[in-house]
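Okay, here's what each chain looks like letter by letter:
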Amino acid sequence: MFTMTRRTVLGTATAGAAFGLASKLEFVWQAFAETADEPTVGFYRYRVGSVEVTAIYDGIWRKPHDPAFIKNASIEDTKEALAKAGLPTGFMPIPLTVVVLRMGDRLIMMDAGSGVGQWQANATHLPANMAAAGIDYRKINTIMISHFHPDHVWGLMEKGTNAAVFTDAELIVNATEYNWWTEPGRVEKLAESRKAAGQRIANVFPKWQNWKLVEDGAEVAPGIRILSAPGHTPGHSAYLVDGGNEQLMVSADIMYVPALLAPHPEWQGAYDQDGPMAIDTRRKLIDRVITDRIAICGSHFPFPGSGTFVKDGNAYGFTPTIQA
């Protein structure tokens, strides 16, 4: 379906100052394990037709088990699913990968990561890994946003000042997502746990002039269409990338932890604002990927953030991409 080439960086790199990270980092792959140190890996490149895809590792949230994480499953249920997938069971492993597409002379970034020190302590590696991949963040032409959760958009802003990091990039987002979060009075309507994030969005994003609000199905760049995929958030979106003879679905948080949601697509995540709608969206998108033989990547799939889905009765089987 598509080809992947491993690119493991065994040296060091220094990130741009605008990312707030100037220390040298070593990039060494380690398999996820309960006793392993934080895995800091660099980047992996693969092609989907004519499109060069670079998967860049931001980090991992080793989330403590929480009975509320999956609304209709117990901690024991989720641990069992993790074990069956060969993943750690002492915590919920939620890695974060950001994808950069090279399409001709254009560099297109899919979401912006979590921002150094702005989401999780173990998610700080995007700037250095991007530099190691030879990608200058200042030359990113376009950033396509899936939704406004912190792990996807805090990387747009510098920590503390909220200054824009990608000052020259066009920012594309589903109009529904932008309008929902920036609606006057929205912050007061949010759950207490989301008020701080909502306030930051309301204070900063409307001041920027480089937003382009688009509708479902729009061609947002030559060869890329935005697909409305609501449920996780009201305007959550996937992006379908056309590489000519192959396609790639950039699925964001549709199937955010495949070890849980592939065998149990009916499970509702705590971060899904509309659980039943998220389930319906998940099934429709994954069924399309399988039927049309579309390559897929996801923000929280095991690094390098891609894999293959197959039907398994009323559920799905998922095989993550294995680095050679």
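The structure we're discussing is the one just above.
Residues numbered from 1 in each chain as written. Predicted model: local features only at pLDDT ≥ 70, side-chain atom pairs only at ≥ 80, totals over all residues. Heavy atoms only, no water.

Caption draft 1: Summary view of the overall build of the protein. Looking only at helices and strands, the protein has eight helices and 17 strands in total. In the protein, buried positions account for 56% of the 324 residues. A separation of at least 24 residues holds for 66% of the contacts in the protein among residues at least 6 apart in sequence. Of the accessible surface of the protein, which amounts to about 13,200 Å², a share of 50% is contributed by carbon and sulfur atoms. (Helix = DSSP H or I, 4+ residues; strand = E, 2+ residues; numbered from the N terminus. Buried < 20%, exposed > 50% of the residue type's maximum accessible area, 1.4 Å probe, protein only. Contact = heavy atoms within 4.5 Å. Areas by Shrake-Rupley, 256 points an atom, 1.4 Å probe, with all protein chains shown as cover.)

Caption draft 2: Expanded view of the sheet that holds strand β16 (residues 306–312). As summarised here, the arrangement of the seven strands in space is β11-β12-β13-β14-β15-β16-β17, forming an open sheet in which the pairing is mixed. Strands with a single pairing partner mark the edges of an open sheet, and in this sheet they are β11 (219–221) and β17 (315–320). Going across the sheet, the axis of each strand differs from the next one's by a mean of 35°, ignoring polarity. Against the sheet, helix α8 (residues 275–291) contacts β12 (224–228), β13 (237–242), β14 (247–250), β15 (295–297), β16 and β17, and its axis sits at roughly 100° relative to β16. (Pairing = 2+ DSSP bridges. Axes fitted to C-alpha atoms, helices over the stretch in contact; angles between N-to-C directions.)

Caption draft 3: Up close: the pairing of β17. As defined by bridge partners, β16 adjoins β17 across six bridges and the pair is classed as antiparallel. Bridge pairing in β17 places glycine 307 opposite proline 320.

Caption draft 4: Layout of unusual backbone geometry. Of note, the bond from phenylalanine 303 into proline 304 is cis; its omega dihedral lies within 30 degrees of zero at 20°. Relative to the assigned elements, proline 304 resides in the loop between β15 and β16. Positioned with a positive phi, arginine 293 is a non-glycine residue whose angle comes to about 55°. Position of arginine 293 among the secondary structure elements: in the loop between α8 and β15.

Caption draft 5: How the structure looks around the packing of aromatic side chains. By the definition in use, this model includes 17 aromatic pairs. Between phenylalanine 148 and tyrosine 178, the aromatic rings sit 6.3 Å apart at their centres with planes inclined by 75°, giving edge-to-face as the arrangement. Of this pair, phenylalanine 148 sits in the loop between β8 (142–144) and α3 (150–153) while tyrosine 178 sits in helix α4 (residues 175–182), and the two are 30 residues apart along the sequence. Three or more aromatic residues joined by ring pairs form one cluster here, namely Phe148, Tyr178, Phe205, Trp208 and Trp211. The side chain of arginine 200 reaches across the aromatic face of tryptophan 154, ending 4.6 Å from its centre. (Phe/Tyr/Trp six-rings, centres within 6.5 Å; stacked < 30°, edge-to-face > 60°. Lys NZ or Arg CZ within 6 Å of the ring centre and 35° of its normal.)

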